[in-house]
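# Chains, contacts and geometry: an overview
Given next are the chains, with one letter for each unit.
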Number of protein chains: 2
Amino acid sequence: MAEIRTAIPELTQYLGRLLTAGNYDAVKQLLEPEQPVDAADAISNLPTLQQAIAFRLLPKDEAIEVYEYLEPDVQQSLLERLRSSEVLELVEEMSPDDRVRLFDELPAKVVSNLLQQLSPAERRVTAQLLGYESGTAGRLMTTEVIDLKEFHTAAQALTIVRRRARTTETVYSLYVTDGARRLTGILSLRDLVTADPDDLIGSVMTREVVSVTTDTDQEEVARLIKRYDFLALPVVDREERLVGIVTVDDVIDVIEQEATRDLYAAGALQAGDEDDYFRSNLFEVARRRVLWLLVLLITNTGTSAVIASQQGVLHRVVQLAAFIPLLIGTGGNVGAQSSTVVIRGLSTDRLQALGPWRTVAREALAGLLLGLLLAAVVVPWSWKLSGTPLVAVAAGVSMIAIASLAATAGASLPLLFNRLGLDPALMSAPFITTMVDVAGVFIYLQTADWLLTRMAG
Amino acid sequence: MAEIRTAIPELTQYLGRLLTAGNYDAVKQLLEPEQPVDAADAISNLPTLQQAIAFRLLPKDEAIEVYEYLEPDVQQSLLERLRSSEVLELVEEMSPDDRVRLFDELPAKVVSNLLQQLSPAERRVTAQLLGYESGTAGRLMTTEVIDLKEFHTAAQALTIVRRRARTTETVYSLYVTDGARRLTGILSLRDLVTADPDDLIGSVMTREVVSVTTDTDQEEVARLIKRYDFLALPVVDREERLVGIVTVDDVIDVIEQEATRDLYAAGALQAGDEDDYFRSNLFEVARRRVLWLLVLLITNTGTSAVIASQQGVLHRVVQLAAFIPLLIGTGGNVGAQSSTVVIRGLSTDRLQALGPWRTVAREALAGLLLGLLLAAVVVPWSWKLSGTPLVAVAAGVSMIAIASLAATAGASLPLLFNRLGLDPALMSAPFITTMVDVAGVFIYLQTADWLLTRMAG
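Residues numbered from 1 in each chain as written. Chains lettered and ligands numbered in written order. Predicted model: local features only at pLDDT ≥ 70, side-chain atom pairs only at ≥ 80, totals over all residues. Heavy atoms only, no water.

## Considering the overall build of chain A
Worth spelling out the cut-off: A run of DSSP states H or I qualifies as a helix once it reaches four residues; a run of E qualifies as a strand once it reaches two. Both are numbered from the N-terminal end. Here the globule rule is a power law, 2.2 Å times the number of residues to the power 0.38, and the radius of gyration is based on C-alpha atoms. We call a residue buried when its accessible area falls under 20% of the maximum for its residue type, exposed when it is over 50%, and partly exposed in between, using a 1.4 Å probe and counting protein chains only. Any pair of residues with heavy atoms lying within 4.5 Å of one another is described as a contacting pair. Method for areas: the Shrake-Rupley scheme with a 1.4 Å probe, in which residue coverage is limited to the protein chains shown. A residue counts as positive if it is Lys or Arg and as negative if it is Asp or Glu; His and the chain ends are not included. Charge positions are represented by NZ for Lys, CZ for Arg, CG for Asp and CD for Glu.
Scanning chain A from N- to C-terminus turns up 22 helices and six strands. Here the C-alpha atoms of chain A give a radius of gyration of 30 Å, more than 25% beyond the 23 Å that 2.2 N^0.38 yields for 457 residues. Across its three principal axes, chain A shows a C-alpha extent of roughly 95 × 60 × 50 Å. Buried residues in chain A amount to 57% of all 457 residues. In chain A, the share of contacts with a sequence separation of at least 24, taken over all contacts with a separation of at least 6, comes to 65%. Per element, the accessible surface of chain A, about 19,100 Å² overall, is 55% carbon and sulfur. Distance between charge centroids for chain A: 4 Å, based on 40 positive and 58 negative side chains.

## Some details on the side chain of Thr247 of chain B
How we decide: The definition of a polar contact used here is a pair of N or O atoms within 3.5 Å, where within protein one atom must be able to donate a hydrogen and the other to accept one, and adjacent residues in sequence count solely through side-chain atom pairs.
Looking at the secondary structure, you find Thr247 of chain B in strand β6 (residues 242-247). For Thr247 of chain B, the side chain forms a polar contact with the side chain of Asp249 of chain B, separated by 2.8 Å.

## What about empty space enclosed by the protein?
The method is simple in principle: a probe with the dimensions of a water molecule rolls over the atoms, and the space it marks as empty is what remains. Note the following rule: Each cavity reported here is a set of points on a 1 Å grid over the protein atoms alone in which a 1.4 Å probe fits but cannot get out, each pocket an open set with protein on both sides within 12 Å along at least five of seven lines, and each lining residue one with an atom within 4 Å of a point. Grid points are joined across faces, edges and corners, and a volume is the space filled by probe spheres set on the points.
Summed over all chains, the structure comprises six cavities of 30 Å³ or more. Taken as a whole, the largest cavity encloses approximately 360 Å³ of empty space. As for the largest cavity, its lining consists of 26 residues, of which Gly329, Asn333 and Thr433 of chain A together with Asn333 and Thr433 of chain B are closest to the centre. Of all the secondary-structure elements, those providing two or more residues to the lining of the largest cavity are α19 (324-347) and α22 (429-456) of chain A together with α19 (324-347) and α22 (429-456) of chain B.

## Some details on the domain arrangement of chain A
Rule in force here: Where a domain begins and ends is set by an automatic assignment or by a domain database.
Domain boundaries assigned for chain A yield domain 1 (8-134), domain 2 (147-247) and domain 3 (274-456). Here the C-alpha centroids of domain 1 of chain A and domain 3 of chain A sit 50 Å apart.

## Description of the side chain of Ser304 of chain A
Structurally, the position occupied by Ser304 of chain A is in helix α17 (residues 282-309). Residue classification places Ser304 of chain A among the buried positions, given a relative accessible area of 0%. Aside from chain neighbours lying at most four places away, what touches Ser304 of chain A is Ala322, Phe323, Leu326, Trp381 and Leu385 of chain B.

## A few points about the nonpolar core
Selection criterion: The criterion is simple. A nonpolar core is a set of buried Ala, Val, Leu, Ile, Met, Phe, Trp, Tyr and Cys residues joined through side-chain atoms within 4.5 Å.
By size, the foremost hydrophobic cluster in this structure holds 96 residues, and its most contacted members are Tyr444 of chain A together with Tyr444 of chain B. Among residues more than four places away in sequence, those in contact with Tyr444 of chain A are Leu320, Phe323, Ile324, Leu327, Val391, Ala394, Ala395 and Ser398 of chain A. Within the second largest apolar cluster, 48 residues are counted, among which are Val248 of chain A together with Val210, Val212 and Val248 of chain B.

## Some remarks on the interface of chain A and chain B
Put simply, the rule reads: Buried area adds together the accessible area that both of two parts lose upon being put together, with accessible area traced by a 1.4 Å probe. Salt bridge, as used here: a side-chain nitrogen of Lys or Arg that lies within 4 Å of a carboxyl oxygen of Asp or Glu.
Across the contact, 123 residues belong to chain A and 124 residues belong to chain B. Of the roughly 11,500 Å² buried at the junction of chain A and chain B (both faces included), carbon and sulfur atoms supply 64%. Our count for the contact surface shared by chain A and chain B stands at 10 salt bridges. Close ionic contact of Glu363 of chain B with Arg289 of chain A constitutes a salt bridge, the shortest N to O distance being 3.0 Å. Taken together, the links from chain A to chain B amount to 32 residue pairs in polar contact (both at pLDDT 80 or more). The element best represented in the side of chain A that touches chain B is α17 of chain A, accounting for 17 residues.

## Quick look at the confidence of the model for chain A
Stated precisely, the cut-off is as follows: Note on scores: pLDDT gives the predictor's confidence for each residue, bounded by 0 and 100.
Of all residues in chain A, 97% have pLDDT values of 70 or greater, and the mean over the chain is 87. Averaged over each element, pLDDT in chain A is lowest for helix α9 (residues 108-117) of chain A (81) and highest for helix α21 (residues 389-419) of chain A (95).

## Comments concerning the pairing of strand β3 (residues 183-188) of chain B
All names here are of chain B. To be explicit about the condition: Strand pairing requires that DSSP identify at least two bridges connecting the strands.
Here β3 lies mainly inside the structure; five of its six residues are buried. Relative to β3, strand β2 (residues 173-177) is paired through five bridges, and the arrangement is antiparallel. Along β3, the bridge assignment pairs Tyr175 with Ile186. The loop that links β2 with its antiparallel partner β3 comprises five residues; one of these, Arg181, has a positive phi angle of about 65 degrees.

## Observations regarding the sheet that holds β6 of chain B
Residue and element names in this part refer to chain B. In space, the three strands of this open sheet follow the order β4-β5-β6, with mixed pairing throughout. The sheet is open, and its two edges are formed by β4 (212-213) and β6, each paired on a single side. Summarising the sheet, β4 and strand β5 (residues 232-236) pair through two bridges and their orientation is parallel. Bridge pairing in β5 links Val212 to Val235.

## As for the relation of the copies chain A and chain B
Rules: Superposition of the copies used a least-squares fit over C-alpha atoms from residues whose pLDDT is at least 70 in both.
For the pair chain A and chain B, the superposition axis carries a translation of 0.1 Å, the fit reaches an RMSD of 0.2 Å, and the rotation angle comes to 180 degrees. The transformation relating the two chain copies, once decomposed into turn and shift, fits a two-fold axis. A high fraction, 100%, of the interface residues of chain A reappear at the interface in chain B, so the copies pair face to face through one surface.

## Topic: the pattern of salt bridges
In total, this model carries 47 salt bridges over all chains according to the counting rule given. Here Arg227 of chain A makes a salt bridge to Asp38 of chain B, at a shortest N to O gap of 2.8 Å. Placement of Arg227 of chain A in helix α15 (residues 218-228) and of Asp38 of chain B in helix α3 (residues 36-44) is noted, with the two residues assigned to different chains. The exposure class of Arg227 of chain A is partly exposed, given its relative accessible area of 21%.

## Structural notes on the pairing of β2 of chain B
For clarity, the cut-off: Note on handedness: a clockwise path from strand one over the helix to strand two, with the strands aimed away from the viewer, defines a right-handed crossover.
Within β2 of chain B, five of the five residues are buried, which leaves it mostly tucked inside the rest of the structure. Regarding topology, helix α12 (residues 154-164) of chain B serves as the crossover connection from strand β1 (residues 147-148) of chain B to the parallel β2 of chain B, and that connection is right-handed.

## Some thoughts on the sheet that holds strand β2 (residues 173-177) of chain A
Residue and element names in this part refer to chain A. Spatially, the three strands line up as an open sheet ordered β1-β2-β3, and their pairing is mixed. In the strand order of this sheet, the two ends are held by β1 (147-148) and β3 (183-188), each with one partner. Taken together, the two bridges between β1 and β2 define a ladder with parallel strand orientation. When the bridges of β2 are listed, Leu148 appears paired with Val176.

So, in structure tokens, the structure goes:
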């Protein structure tokens, strides 16, 4: 059979039925050929009591893999239901990076209890990883690395790889260290397999190594792996000693998280714990959203203050009010376009091709051009609807001014924030459009006021 | 040395200086230890004339790798400057998937000319890949695969891998086919290296294979590789015959493209050729953006029509105008939050945990709750600024109604579009906020009108 695509809801349903019937052999046969992540998802969907039973039916090797794919809350509830010997075995066998991710979620008391029971080697590694700040290479990496020496022959090295293959996360990137554990070179399993058995590793390896340190930001790690199409990236400490590697699958998760963060910022949502959104309750959802809404609402009270202070103009030409939402809404969209392009360009490094100054200049010109095009639609429409040339002229002039301003602010504010070391995504669409609202209302009513005064004079 | 992090602008500068001085040996020494992608970037930044000279100085093997990393426009300009024998050699040696990406950009005449000069094997492969629609697994895959037979021993298989390692994109995923080239199993190089030399491949391989067909959408390919932490995914034709593989590095590019597309939709930008943005000229930029702006502008003329038709109310209480931008702007932000959460949840598959109906119900309730919280700020502020309780009551009631409506529309419209097989991102923040503008103005002025009538009566 060439294709397996598991439908998780069906798998969960069969599992539940077989578990209720007590047909444990059939459960084993059902789970055995599944990919670990599919088995993990199906088990997660079972009632809590059945989770532990299904989990115990997995062969030991597979159980650890499945466990690593479970969400932290399911991992935790399983821990409470398994015997402490089972728990210990499970935690002892997990990859150090997955273990640390679990420990992040567990109560401190449980963590220190488990830590004490781990073997000295695993305890040391775990405590070390827990010491790195979250969001850094140190926190993301695994310490399971195959390191070779320059004086090994290819044949010796292959023997080492064979011996360690079962317990190491990846065997495809191999690292060469000196007597002080300093990283001196890398080679791939491909290089090793194609080398002559008598070749020395020192002559086969590459000495130009791209590496990061334990405190390198995870975004930078992702950028390097993406740029160089690596399967793994070595992590060294301040003395250049090899302490671990970050693998490409962890980096894919980082790339997804970054994308979600940028998109959430563009949607007036707080970054951070977005992963749990579909598992949180209603009040939690509202609590997380209301902060940004209040900040934007308070900024937007500026529009009310501006309009209230210009009520004289509105009194004289009430038709002016009809075009306020149109002008500021359109201006907001122009500003959103510029800030989106700049924020994404900063994330993907593509903005470097143009540089910040030329980017802002180009966006300002684009805004002017777009303002002219949009004014060509707004002027006849507002003339027709209001029947007043004054309103049409005020709307047209403001459309051009608002679009130019919106594009300039949309491009320059994220760049400014980036330069100041702040997150440029704070200056994404919602904030830019709200600022454009306030400035746009002011420009429009001031223009109308000026025109009225000129015409009266 | 343990860390190389190339600063491209400096590298380009040195290169340019050495090339101008005619010191070609130094150019060679400078480029040799660089990662291919860094060399490609530095060469891209050189003046066109120097690009060809620098490129010719690369060792042949490296030249092909560097060439694959160049942007299509630089690839094309190099093609025009190299001798046709050099061109042919280059194109012949490229990976089939990279070659197809280049051919997509070249004029049809150049492509057919190059195709004719390729060796029969490479021509067949290229024509085949060009036959698949862009955005499918067939277009993304490479045909360079190592396929083994079940009757091979591990030792024989390792010999095959060694022989083909230099010309194959990845050697870490190995595929097993039967006499009709049908895919019957997979194994990793790790499995092969750890197997006993006399083991038969048929007994070492895994028979449960996750695969896709040539017409599978590239997003689905990315989803599978991400879910299962694969390094590569096999692609089969309708007869289950192995035709190629998609590797994880290509999938990272797909994930980035999808993220950019969603973010661009949220910023009122057209999806598609966003990659070229920082290389396009001003008029091209404006042309691409104006379409969405016009669609939104025309939708937004609804606000003008509503206000113009309700001018009676505004005439009687002109203070009402002061709160229009505040109410519709805040409502738009609430709608943007809901649509962002839903669109991202659809992209990352996390929405499945809740299902569409419960998601909409929850968003509607969240909107109501947020509306109540926001009204608690809007009512006292509008009372204070306008001095009129009528305005405050109208603003408060509309805030609640607008927020509820915005959240409901923001959640349900992307889900509806998704159900209809349309891109849910079309219903992201810009369109939702514009619709909320129109509906919000209507709700606010109708409420005020109703209150006025009641108070008069």
